[in-house]
Amino acid sequence: MNPPTFRSARLRNVTLAAIGLALCSSPINFAAKAADPPRILVLATGGTIAGQADPRATGAYKSGQITGEQLVASVPGLGQLAKLNAEQISSIGSQDMNDKVWFALARRIQQAFDKDEADGVVITHGTDTLEETAFFLDNVIKGDKPVVIVGSMRPATAVSADGPSNIYEAVQVAADPRSRGRGVMAVLNDKIEGARAVTKTNTTSLETFNSPISGPIGYVDTAGGVRFMAQTTGLKRGNYALPSGDQLPRVAIVYSHANMDAIPIEDAISHGAKGIVLAGVGDGNSSKSAIDALEAAAKKGIVVVRATRVRSGFVTRNVEVDDDKNGFVVSEDLNPQKARVLTQLLIANGMTAPGDMQKAFTATW
Ligand code: ASP
């Protein structure tokens, strides 16, 4: 039996050779047979989907090693679905995702739609912060053309890599006219999830992206095509202007636990947080000393949003915490990381009054 290092190196070479062959034999701007095939712009940011195994260590790999052009060229049959154009926005693991890349993505997508350069966009992305990027873009991109964000749990060089099939399905969804008006969607593992609801639920499994409250909005597979099961057209999206520059206001997430004190809240304030999202216990709750510190923060004009560390369910106003008296906002269905994104966008758009913010958090279903 070959030692693992040799086996990994061989697999990597075989996969890279396949990618190389595909690159030589099929240019990126495919000439599809049908008249006017949908034009899909692929924006690559990195992630495991573009990752390569480290031949020195079993299971280890580096994110963002393969370009978007190589990724697209390595998926058989993609050129029959759409006319594709791939651009590289960044080459990072999504644990390093940041405002700069978000702003670059948002501006490129809006330009492509406003200048009618594309009928849809597919973003390749790491899975760790995929849901945050999806939700950020859902709030700032104007228009009804589809934006699909896709990742993979296994690197491109893995046995049974899931990237190629996920990319194929993402392009199927982005190229489908019924995808219009549904905002940003995440496509992985044969499911289509809405940007507001989707979250990563498992650290390693292929079946990791779920929408715990609402379920997927549809399904997609190579044979059956795209099947939408739910409408997401009523949700608020594209509501907020992209601020000038490339930075969002500082908003901290404070994680609640047993024996909670006020120190993490005081730390966040001393580091200049304009807002604090509480990843609370239960219905967005915390200890008396934490709630008192948050009330003091709200009195100083720092936006306080109560979310929950619980994976599923709504956070409701004025149940155990007097939100009206304390000047707090509740996140409703948004998890802490998405509540943070919305809080940043609202502050950047000049909104800080708790009543206005609460309206913005409450989705119109
Ligand atoms: N750390 C990787 C990333 O988010 C994980 C992945 O893509 O699955 O970029």
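Residues numbered from 1 in each chain as written. Predicted model: local features only at pLDDT ≥ 70, side-chain atom pairs only at ≥ 80, totals over all residues. Heavy atoms only, no water.

Asker: Teacher, can you tell me more about the site of the ligand here?
Answerer: Taken together, Gly 47, Thr 48, Tyr 61, Ser 63, Gly 93, Ser 94, Gln 95, Gly 126, Thr 127, Asp 128 and Ser 152 make up all the residues around the ligand. For the ligand, a nitrogen atom lies 2.7 Å from a polar atom in the side chain of Asp 128. Contact distances for the ligand include 3.2 Å between an oxygen atom and a backbone N or O atom of Ser 152. With the chains in place, 93% of the 260 Å² that the ligand exposes on its own is no longer accessible. For the shell around the ligand, the class distribution of residues is one nonpolar, nine polar and one charged. (Near = heavy atom within 4 Å. Polar contact = N/O pair within 3.5 Å; in protein donor to acceptor, adjacent residues only side chain to side chain. Areas by Shrake-Rupley, 256 points an atom, 1.4 Å probe, with all protein chains shown as cover. Nonpolar A, V, L, I, M, F, W, Y, C, P; charged D, E, K, R; others polar.)

Asker: I tried to follow the pattern of salt bridges on my own but got confused; where do I start?
Answerer: Between side chains of opposite charge, a pair can form when the charged atoms approach closely. Overall, the coordinates contain 17 salt bridges when judged by the stated rule. Ionic pairing is found between Asp 144 and Arg 180, a salt bridge with its closest N-O pair at 3.1 Å. Pair noted here: Asp 144 is in the loop between α4 (130-140) and β6 (147-150) and Arg 180 is in the loop between α5 (163-175) and β7 (184-188), with a separation of 36 residues, a long-range link. With a relative accessible area of 38%, Arg 180 lands in the partly exposed category. One continuous salt-bridge network, built from bridges that share partners, spans Arg 39, Asp 116, Asp 119 and Lys 145. (Salt bridge = Lys/Arg side-chain N within 4 Å of Asp/Glu carboxyl O. Helix = DSSP H or I, 4+ residues; strand = E, 2+ residues; numbered from the N terminus. Buried < 20%, exposed > 50% of the residue type's maximum accessible area, 1.4 Å probe, protein only.)

Asker: Could you clarify how one ought to interpret the nonpolar core in this entry?
Answerer: Core analysis: the biggest nonpolar cluster contains 47 residues, and Ile 109, Val 121, Ile 123, Phe 136, Leu 137 and Phe 361 have the highest contact counts within it. Examining the composition of this core, we find that eight residues originate from one element, helix α3 (residues 99-114), more than from any other. Sequence-distant contacts of Leu 137, that is, excluding residues within four places in its chain, are made with Trp 102, Leu 105, Ala 106, Ile 109, Ile 123 and Val 184. Of all hydrophobic cores here, the second largest spans 30 residues; its members include Ile 40, Val 75, Ala 82 and Val 226. (Core = buried A, V, L, I, M, F, W, Y, C linked by side-chain atoms within 4.5 Å. Contact = heavy atoms within 4.5 Å.)

Asker: What's the story with helix α9 (residues 336-348) in this structure? I'm lost.
Answerer: Spacing of three or four residues puts side chains on the same side of an α-helix, whose turn is 3.6 residues. Here α9 is 13 residues long and its end C-alpha atoms lie 18 Å apart, about the 18 Å a rise of 1.5 Å per residue gives. Here α9 lies mainly inside the structure; 10 of its 13 residues are buried. Of the residues making up α9, those classed as buried are Pro 336, Lys 338, Ala 339, Val 341, Leu 342, Thr 343, Gln 344, Leu 345, Leu 346 and Ile 347. As for α9, its buried residues are in contact with α3, α4, β13 (251-255), β14 (275-280), β15 (303-308) and α10 (354-361). Two residues or fewer after α9 comes Gly 350, characterised by a positive phi angle close to 85 degrees. (Expected span 1.5 Å × (residues − 1).)

Asker: How should I be thinking about the pairing of β14 in this particular structure?
Answerer: In summary, the side chains of a regular strand alternate between the two faces of the sheet. For β14, the buried fraction is high: six of the six residues fall into the buried class. Going residue by residue along β14, you find Gly 275, Val 277 and Ala 279 tucked away on one face and Ile 276, Leu 278 and Gly 280 tucked away on the opposite face as well. You can see the chain leave β13, run along helix α6 (residues 263-270) and come back into β14, and the turn it takes is right-handed. Bridging between β14 and β15 involves six bridges; their strand directions are parallel. Across the sheet, the residue bridging to Leu 278 is Arg 306, located in β15. With respect to chirality, the unit in which β14 leads through helix α7 (residues 288-299) into the neighbouring parallel β15 is right-handed. (Right-handed = clockwise from strand over helix to strand, strands pointing away. Pairing = 2+ DSSP bridges.)

Asker: It is not clear to me how the side chain of Glu 193 should be interpreted in this structure. Could you clarify?
Answerer: Its location among the elements puts Glu 193 in strand β8 (residues 191-194). Among the polar contacts listed, one links the side chain of Glu 193 to the side chain of Ser 211, at a separation of 2.5 Å. Discounting chain neighbours no more than four positions away, the residues touching Glu 193 are Val 184, Met 185, Ala 186, Val 198, Phe 209, Asn 210, Ser 211, Gly 215, Pro 216 and Ile 217.

Asker: Explain the sheet that holds β8 to me, please; I cannot follow it from the model alone.
Answerer: Pairing between sheet strands relies on hydrogen bonds along the backbone, with the strands arranged either parallel or antiparallel. Read across the open sheet, the eight strands follow the order β4-β1-β5-β6-β7-β8-β11-β12; overall the sheet is mixed. Across the chains shown, the open sheet's two edge strands, defined by having one partner strand only, are β4 (83-92) and β12 (225-228). Each strand axis lies, on average, 25 degrees off the axis of its neighbour in the sheet, ignoring direction. Across four bridges, the pairing between β7 and β8 is antiparallel. (Axes fitted to C-alpha atoms, helices over the stretch in contact; angles between N-to-C directions.)

Asker: Can you help me understand the packing of aromatic side chains in this one?
Answerer: For any pair of aromatic rings, the description rests on two quantities: the centre-to-centre distance and the angle between the ring planes. By the definition in use, this model includes two aromatic pairs. When the ring of Trp 102 is compared with that of Phe 136, the centres are 4.7 Å apart and the planes differ by 15 degrees; the resulting orientation is stacked. You can see Trp 102 sitting in helix α3 and its partner Phe 136 sitting in helix α4, a full 34 residues away along the chain. Of the two residues, Trp 102 and Phe 136, both sit in the buried class. For the pair Phe 103 and Phe 136, a centre-to-centre distance of 6.0 Å together with 25 degrees between the ring planes defines the contact as stacked. (Phe/Tyr/Trp six-rings, centres within 6.5 Å; stacked < 30°, edge-to-face > 60°.)

Asker: Looking at this structure, how should I read the sheet that holds β14?
Answerer: Read from one edge to the other, the open sheet built from four strands follows the order β13-β14-β15-β16, with strand pairing classed as parallel. With one partner strand each, in any of the chains shown, β13 and β16 (329-330) form the two edges of the open sheet. Two strands pair when backbone bridges link them, and β15 and β16 are joined in this way by two bridges, in the parallel orientation. Of the residues in β16, the one forming a bridge with Arg 306 is Val 330.

Asker: Is there a simple way to think about the packing of α4 against α9 in this case?
Answerer: Across the interface, α4 lies against α9 with an axial gap of 9 Å and an inter-helix angle of 35 degrees. Judged by the twist between their axes, the crossing of α4 over α9 is right-handed. Facing α4, whose interface residues are Glu 131, Glu 132, Phe 135, Phe 136, Asn 139 and Val 140, α9 presents Gln 337, Lys 338, Val 341, Leu 342 and Leu 345. Along the lines of polarity and charge, the residues of the contact of α4 with α9 split into six nonpolar, two polar and three charged. (Left-handed = near helix turned anticlockwise from the far one by under 90°.)

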